[in-house]
Amino acid sequence: MKDPVRIAITGGAGQISYSLIFRIAAGDMLGPDQPVILQLLEIPQAMDALNGVVMEVNDCAFPLVQDIVATDDPNVAFKDADFALLVGARPRGPGMERKDLLEANAAIFSVQGKALNDHASRDVRVLVVGNPANTNALIASCNAPDLDAGQFTAMTRLDHNRALTQLAQKTGKHVSDVDSMIIWGNHSATQYPDLAQCKVDGKAAFDLVERDWYENDFIPTVQQRGAAIIKARGASSAASAASSAIDHMRDWALGCDGIVSMAIPSDGSYGIEEGIIYSYPVRCQGGKYEIVQGFELDAFSKEKMQATEKELREERAAVEHLLG
Ligand SMILES: NC(=O)c1ccc[n+]([C@@H]2O[C@H](COP(=O)([O-])OP(=O)(O)OC[C@H]3O[C@@H](n4cnc5c(N)ncnc54)[C@H](O)[C@@H]3O)[C@@H](O)[C@H]2O)c1
Ligand SMILES: O=C(O)C[C@H](O)C(=O)O
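### Remarks on the site of ligand 1
- Neighbouring ligand 1 are 25 residues, the closest being Gln15, Glu42, Arg90, Val129 and Asn131.
- Residue Ile16 places a main-chain N or O atom 3.0 Å away from an oxygen atom belonging to ligand 1.
- One of the side-chain N or O atoms of His187 is found 3.1 Å from an oxygen atom in ligand 1.
- The fraction of the free accessible surface of ligand 1 (860 Å²) that becomes covered by protein chains is 86%.
- Listing elements by their share of the shell around ligand 1, those giving two or more residues are helix H1 (15-25) and helix H4 (102-119).
- Residues that form the shell around ligand 1 fall into these classes: 13 nonpolar, 10 polar and two charged.

### Examining the pattern of salt bridges
- Within this structure, the stated rule accounts for 15 salt bridges.
- Across the salt bridge formed by Lys79 and Asp80, the nearest N and O atoms sit 3.7 Å from each other.
- Take Asp80: its relative accessible area is 37%, and that puts it in the partly exposed class.
- Through salt bridges with shared partners, one network takes in Arg157, Asp247, Arg250 and Asp251.

### Remarks on the side chain of Thr10
- One can find Thr10 in strand S1 (residues 5-10).
- The class of Thr10 is buried, set by a relative accessible area of 1%.
- Polar side-chain contacts of Thr10 include one of 2.8 Å to the backbone nitrogen of Val87.
- Not counting the four nearest positions on each side in its chain, Thr10 is found in contact with Ser17, Leu41, Phe78, Leu85, Leu86, Val87, Gly88 and Gln112.

### A look at H4
- Across its 18 residues, H4 extends 25 Å between first and last C-alpha, which sits within 8% of the 26 Å expected from 1.5 Å per residue.
- Turning to H4, its buried residues number three or more, namely Leu102, Asn105, Ala106, Phe109, Ser110, Gln112, Gly113, Ala115, Leu116 and Asn117.

### Quick look at helix H6 (residues 157-171)
- Over its 15 residues, H6 extends 21 Å from the first C-alpha to the last, a length consistent with the 21 Å expected when each residue adds 1.5 Å.
- Extensive coverage of H6 is indicated by the burial of 12 of its 15 residues.
- For H6, the full list of buried residues reads Arg157, Leu158, Asp159, His160, Asn161, Arg162, Ala163, Leu164, Gln166, Leu167, Ala168 and Thr171.
- At the C-terminal side of H6, Gly172 shows a positive phi close to 70°.

### Comments concerning the site of ligand 2
- The environment of ligand 2 is made up of Arg92, Arg98, Asn131, Leu158, Arg162, His187, Gly226, Ile230, Ser236 and Ser237.
- Take Arg92: an N or O atom from its side chain is 2.5 Å from an oxygen atom of ligand 2.
- His187 places a side-chain nitrogen or oxygen 2.6 Å from an oxygen atom of ligand 2.
- Within the complex, the protein chains bury 94% of what would otherwise be the 260 Å² of accessible surface of ligand 2.
- Contributions of two or more residues to the shell around ligand 2 are made by H6 and helix H8 (225-233).
- Of the residues assigned to the shell around ligand 2, the class counts are two nonpolar, five polar and three charged.

Parameters at a glance
- Residues numbered from 1 in each chain as written.
- Chains lettered and ligands numbered in written order.
- Predicted model: local features only at pLDDT ≥ 70, side-chain atom pairs only at ≥ 80, totals over all residues.
- Heavy atoms only, no water.
- Near = heavy atom within 4 Å.
- Polar contact = N/O pair within 3.5 Å; in protein donor to acceptor, adjacent residues only side chain to side chain.
- Areas by Shrake-Rupley, 256 points an atom, 1.4 Å probe, with all protein chains shown as cover.
- Helix = DSSP H or I, 4+ residues; strand = E, 2+ residues; numbered from the N terminus.
- Nonpolar A, V, L, I, M, F, W, Y, C, P; charged D, E, K, R; others polar.
- Salt bridge = Lys/Arg side-chain N within 4 Å of Asp/Glu carboxyl O.
- Buried < 20%, exposed > 50% of the residue type's maximum accessible area, 1.4 Å probe, protein only.
- Contact = heavy atoms within 4.5 Å.
- Expected span 1.5 Å × (residues − 1).

All quantities given are derived from atomic positions and should not be read as evidence of function.
In structure tokens:
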């Protein structure tokens, strides 16, 4: 058996965690031969509920779970953490945009960035799920000056997976037949789900779908899917968010074939301002991610990519006081 790894999860008593924790404990994220120590963080008022979750994890008798820490202290939750999934934050309700949560949630991520800086493993991989995820990841990273900015990522994998399914259903194929899907930019209604590089069963997606469907159905459906789930369920996506968080961390840690979308600190690639947390097409190998370079961008793509970049710059300006 391998040595156990420490996985910190915030918002441990919330909706997403109620799926996420059990799937990680079952080995879905790091494999069936990787023991885990779960380090779960909640706010003091939710500690009873978190203790109930811990009771349930224990009742599953998962072979991979070596220990569980339940705490309301971020310094304890992030101690020596190898992986940190920052889920704990307020979700939006009907009629809100995710950036309306900036004020409510931003302070959480400055505190947690500092705690990661001071206590986590120097190799910690951080995924921010709590919204607005890209800018929250920027806040956490800026408050962790001793860690590399590249260790902080935000989740657009749910958008990527949503886009895969929309295209597969439209073309009558399976999601596994689709490759080179790309989500650019912010996990928000300005995100740009781009089919320009996409192939379905080896054929260019643009040869299989009409331009009108792409611009007026596919793009808005993916951009608005979170709101559609809130309308239908009366609560934001939870099991699908957990599943995508697992996909993101698994591929980053263990590698994957093909292109996936991850929101990562921009290095200026594709003309995007350096530093903001922007979703790019990446390849994951050897425990690292790398932006896929060299795609040609037409005027339509450039405009969409700049619109979502502009929103991220505005979000950054709104939290300037928290950026350390
Ligand atoms: N990036 C994405 O694709 C994506 C997808 C779905 C949901 N989300 C976001 O994820 C977040 C969580 O969603 P949810 O449905 O699980 O919400 P939830 O309200 O069910 O759970 C959030 C939990 O976080 C806890 N919490 C709040 N502040 C905390 C803090 N400072 N430290 C630790 N825990 C804290 C709360 O007590 C609560 O138990 C929301 O912001 C939601 O918008 C993001
Ligand atoms: O839409 C939301 O607010 C939740 C989440 O970000 C989602 O995309 O489902």
